[in-house]
Amino acid sequence: MDQHLLVFVTVVDKGNFSRAAEELHMTQPAVSQYIQALERSYGAKLLDRSNKFVRLNKAGEIVYYHAKEILGLYSKMQGLIDDLTNRASGPLSIGASYTFGEYVLPHIIAKLHQKFPLIKPKIKIGNTKEISELVIGHQLDVGIIEGEYKDPHLSIESFTEDMMYVVASSTHPLSLQKKEIQISDLEKETWIIREIGSGTREATETIFKRLSIAPTDTMEFGSTQLIKETVESGLGITLLSQLAIRKEISMGLLKIIPVKDTPFKRSFSVVLRTSFQTKALEVFIRLLKEQFKKRGFS
């Protein structure tokens, strides 16, 4: 692996030389020497430095983007070589969209560690678009995304269905209503929604279209947990996965609002950049599918 690129990427990710040195188990002067050597080799400064931080300049942005991809390919190559010994071991970079990553993936990782302790997973949580782009850039070995996503560079395979419900606080007027919920009532409500690029946001917009509503009072949050806390407090309603609300429903903190055309069904999918699979990736995908076949996490 190119140590100069690894040091450069670590400095950028950590934000300064001292934290990068600590991460790499190197001295700070050694880190500086690697960066200076890299800059000399390209004939350009890559970082704007101060006493407190480092920032990428234009040349640095180019090197950083491609360095991440090159380091990802190095990791894949090492994994394929390890597979010649038929061992399920080594690093495995896994990306997952927020709902799956926060509420399901921890259980899968625990099972993976129990069965294959030599596999060292590294987890990245982001929205569907972010995870897919990281897989394309070879910065993740595998992604797990929600909703409909298409890209000619990706292999996308659905492995289970997810159910999504409109929910509100148990004390919200819609939760206390005994008569059927009117579509017009939903349009008047404050909707707490996810950001663009999220599979949950995509599902919410699909529901709006199906119900022919266009709520004017919306709040956009980048975290499912933050949305749940806000809705629990009584501010607005939202559309969330059954996986994200199981605990709150059982504790009586949230209540499912019966709405026409719900629950909304969507897919969780495995996303890959290449057909080549390391032994570690192979056993992870197999374990993932087995767990949903047995339990479904429903």
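Residues numbered from 1 in each chain as written. Predicted model: local features only at pLDDT ≥ 70, side-chain atom pairs only at ≥ 80, totals over all residues. Heavy atoms only, no water.

Per the stated rule, a full pass over the model turns up 15 salt bridges. Of the charged contacts in the structure, one is a salt bridge between Asp 13 and Lys 68, with a shortest N-O distance of 3.6 Å. With a gap of 55 residues between them, Asp 13 in helix H1 (residues 3-14) and Lys 68 in helix H4 (residues 58-83) connect regions that are remote in the sequence. When its relative accessible area of 45% is taken as the criterion, Asp 13 is described as partly exposed. On the basis of relative accessible area, Lys 68 is assigned to the partly exposed category, the value being 21%. Note that Arg 266 is salt-bridged to Glu 146, the shortest N-O span being 3.0 Å. Taken as a pair, Arg 266 in strand E11 (residues 264-272) and Glu 146 in strand E5 (residues 142-146) lie far apart in primary sequence, 120 residues in all. Classification of Glu 146 as buried rests on a relative accessible area of 1%. In the salt-bridge network here, residues are joined through shared partners; they are Glu 39, Lys 45 and Arg 49. (Salt bridge = Lys/Arg side-chain N within 4 Å of Asp/Glu carboxyl O. Helix = DSSP H or I, 4+ residues; strand = E, 2+ residues; numbered from the N terminus. Buried < 20%, exposed > 50% of the residue type's maximum accessible area, 1.4 Å probe, protein only.)

Per-residue confidence for the protein gives a mean pLDDT of 87; residues scoring 70 or more make up 95%. Model confidence for the protein, summarised as mean pLDDT per element, is weakest for H4 at 82 and strongest for strand E7 (residues 191-194) at 95. (pLDDT = per-residue confidence, 0-100.)

For His 138, the location among the structural elements is in the loop between helix H7 (128-136) and E5. Setting aside residues no more than four positions away along its own chain, His 138 makes contact with Lys 68, Glu 69, Gly 72, Leu 73, Lys 76 and Arg 273. (Contact = heavy atoms within 4.5 Å.)

On to the packing of aromatic side chains. One pass over the structure, following the stated rule, counts five aromatic pairs. Between the aromatic rings of Phe 100 and Phe 159, the centroid separation amounts to 5.9 Å while the plane-to-plane angle is 90°, which identifies the pairing as edge-to-face. Residue Phe 100 is found in helix H5 (residues 98-103), and its partner Phe 159 is found in strand E6 (residues 155-169); the two are separated by 59 residues along the sequence. The exposure classification of Phe 100 matches that of Phe 159, with both residues buried. Measuring from centroid to centroid gives 5.3 Å for Phe 159 and Phe 292, while their planes differ by 75°, and the two rings are edge-to-face. Separated by 133 residues along the polypeptide, Phe 159 in strand E6 and Phe 292 in helix H13 (residues 279-294) bring together distant segments of the chain. The exposure class assigned to Phe 292 is buried, which follows from its relative accessible area of 8%. An aromatic cluster is defined as three or more aromatic residues linked by ring pairs; in this entry it consists of Phe 100, Phe 159, Phe 268 and Phe 292. (Phe/Tyr/Trp six-rings, centres within 6.5 Å; stacked < 30°, edge-to-face > 60°.)

What follows covers helix H10 (residues 199-211). In a regular helix each residue adds 1.5 Å, so 13 residues correspond to 18 Å; H10 covers 19 Å between its end C-alpha atoms and thus fits that length. Listed in full, the buried residues belonging to H10 are Gly 199, Thr 200, Arg 201, Ala 203, Thr 204, Ile 207, Phe 208 and Leu 211. Regarding H10, its N-cap is Ser 198, as a side-chain oxygen of that residue lies 3.1 Å from the backbone nitrogen of Thr 200 further along. Just downstream of H10, Ser 212 is the residue with a positive phi angle, here 55°. (Expected span 1.5 Å × (residues − 1). Polar contact = N/O pair within 3.5 Å; in protein donor to acceptor, adjacent residues only side chain to side chain.)

In this section: the side chain of His 172. Following the sequence through the fold, His 172 ends up in the loop between E6 and helix H8 (173-176). Within the structure, the side chain of His 172 is placed 3.0 Å from the side chain of Glu 189, a separation counted as a polar contact. Setting aside anything within four residues of it in sequence, one finds His 172 in contact with Glu 189, Gly 234, Gly 236 and Ile 237.

This part is about H7. Residues lying three or four places apart along an α-helix face the same way, a consequence of the helix completing one turn every 3.6 residues. Within H7, burial applies to Thr 128, Ile 131, Ser 132, Leu 134 and Val 135. Projected onto a plane normal to the axis of H7, the buried residues spread over an arc of 160° and lie on a single side. Elements that come into contact with the buried residues of H7 comprise strand E3 (90-97), strand E4 (119-126), E5, H10 and E11. At the N-terminal end of H7, a side-chain oxygen is found 3.1 Å from the backbone nitrogen of Lys 129, two or three residues along, and the residue is Asn 127. Immediately beyond the C-terminal end of H7, within one or two residues, lies His 138, with a positive phi of roughly 60°. (Arc of directions from axis to C-beta.)

Another point: the packing of H1 against helix H3 (residues 28-42). Where H1 contacts H3, the two axes come as close as 9 Å, and the packing angle between them is 110°. In this view, H1 runs roughly perpendicular relative to H3, as classed from their interaxial angle. Handedness of the H1/H3 crossing: left-handed. Between H1, through Gln 3, His 4, Leu 5, Val 7, Phe 8 and Val 11, and H3, the contact on the second element is made entirely by Val 31, Tyr 34, Ile 35, Ala 37, Leu 38 and Tyr 42. (Axes fitted to C-alpha atoms, helices over the stretch in contact; angles between N-to-C directions. Parallel < 35°, antiparallel > 145°, perpendicular 65-115°, else oblique. Left-handed = near helix turned anticlockwise from the far one by under 90°.)

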